[in-house]
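Observations on chain architecture
So the chains spell out like this:
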Amino acid sequence: SNPFADYKRDFRQTKEYEDSLADVKAQVNDILSNVPDKMPDDFNSINVKSVMNSMSKFADFNDAYLVNYCDKRGICFVSDDKDIGSISSSIVLVKA
């Protein structure tokens, strides 16, 4: 592990990166092709104060935003991210 490595310059130029990127794209495509209902995220109408209040040393903005979104829509959240469980919410959290 090189503490001075430049991710964009060093890793992105490798065959390993190209292979990883192709694998990630294929997996995302498989996942999204099986999603029955694609919903807008309504980012323009989020309660920013609520999202910010949910942030902590464990939960970042994305975690808090996704929990807020699920709570607002009444949908469950499927994740293996331990940070999600640190947010106080009434959502159903399914741990994958």
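The coordinates are above.
A short tour of the structure in this document, coming up. (Residues numbered from 1 in each chain as written. Predicted model: local features only at pLDDT ≥ 70, side-chain atom pairs only at ≥ 80, totals over all residues. Heavy atoms only, no water.)

**Comments concerning the side chain of Asp 63**
Test applied: Helix and strand labels come from DSSP, where a helix needs a run of H or I of at least four residues and a strand needs a run of E of at least two; each type is numbered from the N terminus. Residue exposure (1.4 Å probe, protein chains only): buried if accessible area is under 20% of the type maximum, exposed if over 50%, otherwise partly exposed. Positive: Lys, Arg. Negative: Asp, Glu. His and the chain ends are not part of the count. Put simply, a salt bridge is a Lys or Arg side-chain nitrogen that is within 4 Å of an Asp or Glu carboxyl oxygen. Contact criterion: two residues are considered in contact whenever any of their non-hydrogen atoms come within 4.5 Å of each other.
Residue placement: Asp 63 occurs in helix H4 (residues 61-73). There is no salt bridge for the buried Asp 63, and the closest opposite charge comes from Lys 82, which lies 13 Å off by N-O distance. Leave out the neighbours within four places in its chain, and Asp 63 touches Phe 58, Asp 81, Asp 83, Ile 84 and Ile 87.

**A short note on the nonpolar core**
Operational definition: Residue types Ala, Val, Leu, Ile, Met, Phe, Trp, Tyr and Cys, when buried and joined through side-chain atoms within 4.5 Å, form a set referred to as a nonpolar core.
Counting 12 residues, the largest nonpolar core consists of Ile 46, Val 51, Ala 59, Ala 64, Tyr 65, Val 67, Tyr 69, Cys 70, Phe 77, Ile 84, Ile 87 and Ile 91. Looking at this core element by element, the count peaks at five residues for H4. The residues contacting Ile 91, other than those within four sequence positions of it, are Val 67, Cys 70, Asp 71, Ile 75 and Phe 77.

**Section: unusual backbone geometry**
One non-glycine residue, Asp 42, lies in the positive phi region at around 55°. Within the element layout of this structure, Asp 42 appears in the loop between helix H2 (15-33) and helix H3 (48-54). Judged by relative accessible area, Asp 42 falls into the partly exposed class, the value being 25%.

**Some points on H4**
Test applied: The span you would expect from a helix comes to 1.5 Å times its residue count less one. What qualifies as a polar contact is a pair of N or O atoms within 3.5 Å, subject to a donor-acceptor requirement within protein and to the restriction that residues adjacent in sequence count only when both atoms come from side chains.
Taking 1.5 Å of rise per residue, 13 residues should cover 18 Å, and H4 covers 18 Å from first to last C-alpha, within 8% of that figure. Within the span of H4, buried status applies to Asp 63, Ala 64, Tyr 65, Val 67, Asn 68, Tyr 69 and Cys 70. Where H4 begins, one side-chain oxygen reaches toward the backbone nitrogen of Asn 62, 3.1 Å away; that side chain belongs to Asp 60.

Everything listed here is a matter of geometry and, on its own, says nothing about what the molecule does.
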